[in-house]
Amino acid sequence: MFGQRLRLARKRAGLSLRALAERMDPQVTAQAISKYEAGRMMPSSAVLVGLGEALDVSLDFLMSNRIDVLDGLEFRKDSGTSSRDRARAEAVLIDNLERYLTIEEVIGIPPAGNRFEHCRCDCVATEAEIDERADRLREAWDLGMNPVPSLCALLEEKGIKVVEADLPERISGLACRAMRQGMVVADAVVVSTRTTVERKRFTLAHELAHKIIKSTGNPGITLERAMDRFAGAFLVPGRDLLEKVGARRRRVTYYEIARLKHAYGVSAAAMLVRLGQVGVLRASAVRRAFATFARGWLTTEPEPMGDEQGFGAFERPQRFRRLVWRAVGEELISPVRGAALLGESLEVVEWQVSGPPAAHSI
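Along each chain, residues carry numbers from 1 onward, in the same order as the chain's sequence is written. Local features in this predicted model are restricted to residues whose pLDDT is 70 or higher, and side-chain atom pairs enter the listing and the counts only when it is 80 or higher, whereas totals over whole chains, interfaces and linings include all residues. Only hydrogens and water are set aside when side-chain values are computed; all heavy atoms of the structure are taken into account.

(A) Structural context of the layout of surface pockets. Grid points spaced at 1 Å and placed over the protein atoms alone form the basis of the search, with a cavity being a set where a 1.4 Å probe fits but cannot get out and a pocket an open set showing protein on both sides within 12 Å along at least five of seven lines. Lining residues have an atom within 4 Å of a point. Grid points are joined across faces, edges and corners, and a volume is the space filled by probe spheres set on the points. Its volume calculated, the largest pocket comes out at about 930 Å³. In this structure, the largest pocket is lined by 34 residues; those nearest its centre are Arg76, Arg199, Phe202, Ser267 and Leu298. Elements with a contribution of two residues or more to the lining of the largest pocket: strand E3 (171–180), helix H9 (197–212), helix H10 (223–235) and helix H13 (268–277). Labels follow the DSSP assignment, with helices taken as runs of H or I lasting at least four residues and strands as runs of E lasting at least two, numbered in each case from the N terminus. Per element, the largest residue contribution to the lining of the largest pocket is 6 residues, and it comes from H13. Polar here means any residue outside two lists: the nonpolar Ala, Val, Leu, Ile, Met, Phe, Trp, Tyr, Cys and Pro, and the charged Asp, Glu, Lys and Arg; Gly therefore counts as polar. When grouped by side-chain class, the residues that make up the lining of the largest pocket number 12 nonpolar, 9 polar and 13 charged. Each pocket or cavity is described by its volume, and for the second largest pocket that value is around 480 Å³. Lining the second largest pocket are 24 residues, and of these Asn96, Arg99, Val163, Glu164 and Ala165 lie nearest its centre. Counting residues per element, the ones that place at least two in the lining of the second largest pocket are helix H6 (83–107), strand E2 (160–165), helix H15 (319–329) and helix H16 (335–342). Residue classes in the lining of the second largest pocket are distributed as 12 nonpolar, 3 polar and 9 charged.

(B) Representation of the pairing of E2 in the model. Most of E2 is tucked away: 5 of the 6 residues are buried. One ladder, built from 6 bridges, connects E2 with strand E4 (residues 183–192); its direction is parallel. What sits directly across from Ala165, in E4, is Ser192. Residue exposure (1.4 Å probe, protein chains only): buried if accessible area is under 20% of the type maximum, exposed if over 50%, otherwise partly exposed. A pair of strands is treated as paired once DSSP finds two or more bridges between them.

(C) How the structure looks around helix H12 (residues 254–264). All of the buried residues along H12 are Ile257, Ala258, Leu260, Lys261 and Tyr264. One face of H12 carries all of its buried residues, which in axial projection span an arc of 165 degrees. Lining the buried residues of H12 we find H9, H10, helix H11 (238–245) and H13. In the stretch just after H12, Gly265 is the one whose phi turns positive, near 75 degrees. Working note: the arc is built from the helix axis to C-beta atom directions. Two residues qualify as a contact provided that any one of their heavy atoms is within 4.5 Å of a heavy atom in the partner residue.

In structure tokens:
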């Protein structure tokens, strides 16, 4: 386990074995580091500290055994994403998940296990079947056809650990199952803090799709395309959209698209694509729109949602913070430990524990 963590941390730093050896204090050879990574030798305590400092990771990260492996790791990324970026994202995910599992262990919450086995689909063959899977999941979760107010809250309610983190620029999200001793200890989804509210919601729905659909049986539908289709169908149910705008329209105005994107919490581009998918617009009309007035929508969001308005006010993970504050309040952990888990200063945590000075006299 230590060897795997060391290799991941080294890849995250973008260092070769020789480059890491040159950074080390105390000195150690590249051959020795190779043996550490292969599990053929363990470093001394002084070398262990030196490795942590050289790689800018905590000893907890290097030595923890709460997660053995990330199974089914799926990235939502640009085509130019490097192996270093993927390793950095993986390390960020492991660090956040282990803090999450730590606080659950302190409070006495058992591992969630695999909560999606009963609704997982091995294969889809058509786009209509993908839409049907999204509708069936909405029905199973008793969501009706209304817009989902918060994807973060919904996924956390269903047992998925949602993490918002500073991911590399080319990665907007990832999903996986964290395993320990052959058992699922967490289903996880990570979204980037850099992304817009619209993109965040679509990324969360896209990563949810990876937990529902395993593969496609149609060479014309790639897995990522299927995930995007599921995300659009889950966020914007076809039946509801048709009731709002009508079927077989020659044109849908910019005004309507802007209102619809804010109603469902998706990007204008995603809404335009969805109008084509459900048959409101012909495929040729959608292509023409992206070639003309909607050309810039893939890079610049028109009428963007504010971070503190509408969906933006609710679209952030809450459960981990609630658990940490619960543990601090019940004195299961110290404010110092709480500050470390939250990544905040002790001063801020102590203020949140006791409240403002005026509250002390209550």
